[in-house]
Amino acid sequence: MKVEESKTALRERKNSVALDNAFHNHYFPRVRYIFITGGVVSSLGKGLTAAALGALLEQRGLKVRLQKFDPYLNVDPGTMNPYQHGEVYVLDDGAETDLDLGHYERFTSGTLSRQNNLTSGQVYESVIQKERRGDYLGKTVQVIPHVTNEIKDRLRSAGKGVDVLVTEIGGTVGDIEGLPFIEAMRQFALEVGKENVAFIHVTLLPFLAAAGELKTKPSQQSVAKLREIGIQPDVLVCRTEKPLDDDIRQKLSMFCNVPVRAVIEEQDVESSIYELPEMLAKEKLDDIVLDLLSLKTRKRPNGAWKDIVRKLKKPKRRVTVGVVGKYIELQDAYKSVYESITHGGIANDCGVTIVRLDAEAVEKNPKAMLSKLDGVLVPGGFGSRGIEGKIRAVQYVREKGIPYFGLCLGMQVAVIEFARNVAKLALANSTEFDEVTPHPVIHLMEEQKGIKAKGATMRLGSYDCKLTHGTLSRSAYGEDLVRERHRHRFEFNNDYREQLTKAGLRIAGVNPGRNLVEIVEVAAHPWFVGVQFHPEFQSKPTRPHPLFAAFIKAAIARQAKK
């Protein structure tokens, strides 16, 4: 039978969507889909598990893309307080996304877009807009099929051009807001054919010290809840403090209806999240997934991840770097910054001890908190709290020759400090913190004036930066033109450019299209760099960002002089 004849015959059977998709998948190259859910508690590490699996599949020669479905009703996390949601991770196209997309990009080679993060807010916004336009032709708009169809459309669009699409579902199975996403997954598996889909459930096995054993009942209940919705997991990834023995694996296999080999141990890592790919490889997670999806690939080569872990566990040297911020008690607030500092250490075969310093405490006694450090970094942020502490930190490291790296707001406070204490512009400030400052060396960007809405209204995404020859930044990058990701409303005021450069501030990078200052350096300093953009969003353990690598190299040089 000819292919076209078969296609026509199948499409005549309008009641069978599954058969129509089965035909398409059988005769044409097809995408495989992996869905990752979580149970028992939140913050289990679903995102890291997804990212590590993506890394393993890439090593097998597959083109992999990852995406995150978030059940919350915010359109994106851009307006959320860091205490609520951790950092906002910005993509090349300007999308403000969940921090798990940072894990995805750090562990895999692909560059993600707004197609790779979907929230309930986006789903309902799209559905309501279609209803207002009349797209549904007067039908009653319901969760099924209209909301679930919107979710499935995102799966189809995000899967174009790849071999495997890995989708993480945020939250915990059983959460009411997550039900439409789980239902959409169930429908999608039916439509594309179960042979093209694998379900992975990440669950917690708590260890009860009084009983001296791991307890499986919460995981059993979590899987039961998932099966009630119509999904049987193919793989169970068990977060645990203790190793799984054969009895535990057999018990989970029996009560969760998962093969014993598909009960995967995922212990807490010893020193770094970059141990996870090798840990899951030892459990043969990639082999199991490839078997489930009938994918034939090359063998996984040894190399990159083992070498990274070696440098983290047994580095040739070690330095101490301070991060001066105002959300330092929250690990996820500066997640990409901490990881990028680690990457800079990997580039130099150097372990980095990160000291988190509260900006308000630094303001009171910068010498006591900064004098023993090999380098200081001030990350991005918003609002006036802690600003004077950051400015005091910048002044101290500038005067003492300690390597300094300022990111976004970290560049702006460096400019303010230089203007006040070197260029002698008394009361210099940013109009973000003082609207009537006599010297607004940092001011609101022209296109930001008049904007009232908060969500997705900043300068966002990737922009060109032309580097100045003879600067630290040009030396680090090794090229004249680079692209970096931005997230800010305020910028360097060019009215003060000549005055500040005469005082010794060096303009090391400029956006060529709009003549916006992107990088500043202090000429009379061993290593002092402030950037308006966020280089932490493009750093990977396998490809450390050049500026972070140069910063740690400068910290090593500083330590050697002590």
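Every chain is numbered independently, its residues counted from 1 as its sequence is written. Given that this is a predicted model, residues contribute local features only at a pLDDT of at least 70 and side-chain atom pairs are listed and counted only at 80 or more, while totals for whole chains, interfaces and linings are drawn from all residues. Just so you know, side-chain values use all the structure's heavy atoms and leave hydrogens and water out.

Enquirer: Help me out: how do you make sense of the pattern of salt bridges in this one?
Expert: Should their charged atoms come close, side chains of opposite charge can pair. Salt bridges are identified by distance alone: a Lys or Arg side-chain nitrogen within 4 Å of an Asp or Glu carboxyl oxygen. For the structure on display, the rule yields 40 salt bridges. Taking the shortest distance from any N to any O, the salt bridge between E105 and R485 comes out at 2.9 Å. Here E105, found in helix α5 (residues 100-107), pairs with R485, found in strand β19 (residues 481-488); they are 380 residues apart in sequence, far enough to count as distant. The pair formed by E105 and R485 is uniform in burial state, with each residue classed as buried. Linking E521 and R506 is a salt bridge whose minimum nitrogen-to-oxygen distance equals 2.9 Å. Runs of E in the DSSP output that reach at least two residues are strands. Runs of H or I that reach at least four are helices, and both are numbered from the N terminus. Relative accessibility under 20% of the residue-type maximum defines a buried residue, over 50% an exposed one, and the middle range a partly exposed one, all with a 1.4 Å probe and only protein chains included.

Enquirer: Which parts of the structure should I look at to understand the sheet that holds strand β17 (residues 440-444)?
Expert: Sheet strands pair via backbone hydrogen bonds, and the direction of the pair is either parallel or antiparallel. Pairing is mixed in the open sheet, where three strands are placed in the order β16-β17-β20. The outermost strands of the open sheet, each flanked by one partner alone, are β16 (429-430) and β20 (490-492). Contact definition: two residues touch when any of their heavy atoms are within 4.5 Å. Axes, fitted as lines to C-alpha atoms, cover a helix only where it is in contact. Angles between the N-to-C directions of the axes lie from 0 to 180 degrees. Each of β16, β17 and β20 is contacted by helix α18 (residues 409-421), which is oriented at about 150° to β17, the strand it contacts most. In this analysis, strands are considered paired if DSSP registers two or more bridges between them.

Enquirer: What's the story with the nonpolar core in this structure? I'm lost.
Expert: It is characteristic of soluble globular proteins that their nonpolar side chains tend to be buried jointly. Here, the term nonpolar core denotes a set of buried Ala, Val, Leu, Ile, Met, Phe, Trp, Tyr and Cys residues that are joined through side-chain atoms within 4.5 Å. Core analysis: the biggest nonpolar cluster contains 58 residues, and I34 and F107 have the highest contact counts within it. Take this core: its biggest share by element is eight residues, from helix α3 (residues 46-59). Those residues in contact with I34 that lie beyond four places of it in its chain are L53, L57, V164, L165, V166, T167, A198, I200, V289 and L293. Among the nonpolar cores identified, the runner-up in size contains 41 residues, and V324, A428, F433 and F492 belong to it.

Enquirer: What exactly am I supposed to notice about the pairing of strand β1 (residues 32-38) here?
Expert: Put simply, side chains in a regular strand alternate between the two faces of the sheet. A large share of β1 lies buried, amounting to seven of its seven residues. Of the two faces of β1, the one carrying R32, I34, I36 and G38 and the one carrying Y33, F35 and T37 are both buried. One ladder, built from five bridges, connects β1 with strand β6 (residues 164-169); its direction is parallel. By the bridge assignment for β6, F35 is matched with T167. Sheet topology places β1 next to strand β7 (residues 197-204); six bridges connect them, and they run parallel. Bridge assignment links I34 to a residue of β7, and that residue is A198.

Enquirer: Looking at this structure, how should I read unusual backbone geometry?
Expert: What is expected of a backbone is that most residues other than glycine have negative phi and most peptide bonds are trans. A cis amide bond, omega 15°, links I144 with the succeeding residue P145. Examined against the element boundaries, P145 turns out to sit in helix α7 (residues 143-158). We note that V40 has phi near 80°; this positive angle belongs to a residue other than glycine. Mapped onto the fold, V40 is located in the loop between β1 and α3. Of note, S294 is a non-glycine position whose phi angle comes to about 55°, a positive value. In this structure, S294 sits in the loop between α12 (285-292) and α13 (304-313).

Enquirer: I would appreciate a short explanation of the confidence of the model for the protein in the present structure.
Expert: Close reading of the predicted structure is inappropriate where its pLDDT is low. Residue-level confidence of the predictor is summarised by pLDDT, bounded by 0 at the bottom and 100 at the top. Of all residues in the protein, 92% have pLDDT values of 70 or greater, and the mean over the chain is 89. Scored below 50 in pLDDT, residues 1-29 makes 20 contacts in the model with residues more than four places away or belonging to other chains.

Enquirer: Can you walk me through the sheet that holds β7 in this structure?
Expert: One open sheet accounts for seven strands, arranged β5-β2-β6-β1-β7-β10-β11; its pairing is parallel. Each end of this open sheet is capped by a strand with a single partner; those strands are β5 (117-119) and β11 (263-267). The average angle at which neighbouring strand axes cross in this sheet is 20°, direction not considered. Of the strand pairs in this sheet, strand β10 (residues 235-240) and β11 are connected by five bridges, and their pairing is parallel. When the sheet's bridge partners are listed, L236 is paired in β11 with V263. This element, helix α9 (residues 217-229), spans β1, β7 and β10 of the sheet and lies at about 145° to β7.

Enquirer: Explanation requested: the packing of helix α6 (residues 120-133) against α7 in the structure shown.
Expert: Running from N to C, α6 and α7 point in directions that differ by 115°, and their axes come no closer than 10 Å. Considering the relative orientation of α6 and α7, their crossing is right-handed. Side by side, α6 and α7 meet where Q122, V123, Y124, S126, V127 and K130 of the first sit next to V143, H146, V147, E150, I151 and R154 of the second. Throughout this entry, Asp, Glu, Lys and Arg are counted as charged residues, while Ala, Val, Leu, Ile, Met, Phe, Trp, Tyr, Cys and Pro are counted as nonpolar. The remaining residues, Gly among them, count as polar. Broken down by class, the residue content of the contact of α6 with α7 amounts to six nonpolar, three polar and three charged. Crossing handedness is read from the near helix: turned anticlockwise from the far helix by less than a right angle, it gives a left-handed crossing, and turned clockwise, a right-handed one.

Enquirer: Explanation requested: helix α10 (residues 246-256) in the structure shown.
Expert: Residue pairs spaced three or four apart in an α-helix point in one direction, given the helix's 3.6 residues per turn. Among the residues making up α10, those that are buried are I248, R249, L252, S253 and C256. Down the axis of α10, the buried set is contained in an arc of 135°. They therefore lie on one face. Those residues of α10 that are exposed and angled more than 90 degrees off the buried face are D246, D247 and M254. Positive phi shows up at N257, right after α10, with a value of about 60°. Each direction from the helix axis to a C-beta atom contributes to the arc, which is the arc of those directions.

Enquirer: Can you walk me through the pairing of strand β21 (residues 505-511) in this structure?
Expert: A large share of β21 lies buried, amounting to six of its seven residues. In this sheet, β21 lies alongside strand β18 (residues 459-467) in antiparallel orientation, the contact comprising two bridges. Among the inter-strand pairings, L467 is bridged to a residue of β21, identified as G509. Strand direction decides the pairing type here: β21 and strand β22 (residues 516-522), joined by six bridges, are antiparallel. Bridge assignment links I507 to a residue of β22, and that residue is V520. Where β21 folds back onto β22 in an antiparallel hairpin, the turn is made up of four residues, including N515, whose phi is positive at roughly 60°.

Enquirer: Can you help me understand α6 in this one?
Expert: Each helix should span, by expectation, one fewer than its residue count multiplied by 1.5 Å. For α6, spanning 14 residues, the distance from its first C-alpha to its last is 20 Å, which sits close to the expected 20 Å at 1.5 Å a residue. Three or more residues of α6 are buried, namely S120, G121, Q122, V123, S126 and V127. Considering only its buried residues, α6 is in contact with β2 (64-70), β5, α7 and α8 (179-192). Remark: G134 follows α6 within two positions and exhibits a positive phi of approximately 90°.

Enquirer: I'm lost on the packing of aromatic side chains in this one. Help?
Expert: Aromatic ring pairs are defined here through the distance separating the ring centres and the angle between the ring planes. Think of it this way: a Phe, Tyr or Trp ring, Trp meaning its six-membered ring, pairs with another when their centres are within 6.5 Å, and the plane angle makes it stacked under 30 degrees, edge-to-face over 60, tilted otherwise. Applying the stated criterion to the full structure yields 15 aromatic pairs. Considering the side-chain rings of Y89 and F537, the 4.9 Å spacing of their centres and the 65° angle between planes classify their relative orientation as edge-to-face. With a gap of 448 residues between them, Y89 in strand β3 (residues 89-90) and F537 in the loop between β23 (528-531) and α21 (546-561) connect regions that are remote in the sequence. In this structure, Y89 and F537 share a single accessibility class: buried. Measuring from ring centre to ring centre gives 6.3 Å for Y327 and Y334, while their planes differ by 45°; the resulting arrangement is tilted.

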